[in-house]
Amino acid sequence: GELQLIKDSLKGKRNAQNELYKLYYAYVYSISMRYSASTEECQEITHDAFVKLFANLKKYNTEQNFKPWVRKITINVAIDYYRK
């Protein structure tokens, strides 16, 4: 399941990271859309959110739900995007 994908992603398993990406792409994209003025911006925020998500995956507390954590990262990336 999801937790195994997270654990495998932490071990650097590419296909697990890919599955996690596919699982959450639409969700991250929909959040990014709310903070974007264009499709291009939305794609950039989505991309940056996944980069940050994978870079910070080791900080994720597996006791918590993953979806709100993903949402928080995406929103923070979107806010950072507009501060640039």
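Everything below is about the structure printed above this text.
A brief look at the structure comes next. (Residues numbered from 1 in each chain as written. Predicted model: local features only at pLDDT ≥ 70, side-chain atom pairs only at ≥ 80, totals over all residues. Heavy atoms only, no water.)

**Some remarks on the nonpolar core**
In step 1: Within the largest apolar cluster, 19 residues are counted, with the highest numbers of intra-cluster contacts made by Phe66, Trp69 and Val70.
In step 2: Those elements that provide at least two residues to this core are α1 (2-10), α2 (14-34), α3 (39-55) and α4 (66-83).
In step 3: Here this core takes 7 residues from α4, the largest share from any one element.
In step 4: Not counting residues up to four positions away in its chain, the partners in contact with phenylalanine 66 are Glu2, Ile6, Leu20, Tyr24, Leu53, Leu57 and Tyr60. (Core = buried A, V, L, I, M, F, W, Y, C linked by side-chain atoms within 4.5 Å. Buried < 20%, exposed > 50% of the residue type's maximum accessible area, 1.4 Å probe, protein only. Helix = DSSP H or I, 4+ residues; strand = E, 2+ residues; numbered from the N terminus. Contact = heavy atoms within 4.5 Å.)

**Re the environment of serine 32**
In step 1: Relative to the elements of secondary structure, serine 32 occurs in helix α2.
In step 2: Sequence-distant contacts of serine 32, that is, excluding residues within four places in its chain, are made with Cys42, Ile45, Thr46 and Thr74.

**Observations concerning the packing of aromatic side chains**
A ring pair, where both rings are aromatic, is described by two values, the distance of the centres and the angle of the planes.
In step 1: Overall, the coordinates contain 11 aromatic pairs when judged by the stated rule.
In step 2: Ring centres of tyrosine 21 and phenylalanine 50 lie 4.5 Å apart, and the angle between their planes is 55 degrees; on these two criteria the pair is classed as tilted. Taken together, the residues span a long stretch of sequence, with tyrosine 21 in helix α2 and phenylalanine 50 in helix α3 at a distance of 29 residues.
In step 3: Aromatic pair tyrosine 60 and phenylalanine 66: ring centres 5.0 Å apart, planes at 80 degrees, arrangement edge-to-face. With respect to class, tyrosine 60 is no different from phenylalanine 66; both count as buried.
In step 4: Members of the aromatic cluster, joined through ring pairs, are Tyr21, Tyr25, Tyr29, Phe50 and Phe54.
In step 5: When the ring centre of tyrosine 27 is taken as reference, the NZ or CZ atom of lysine 67 above it lies at 4.6 Å. (Phe/Tyr/Trp six-rings, centres within 6.5 Å; stacked < 30°, edge-to-face > 60°. Lys NZ or Arg CZ within 6 Å of the ring centre and 35° of its normal.)

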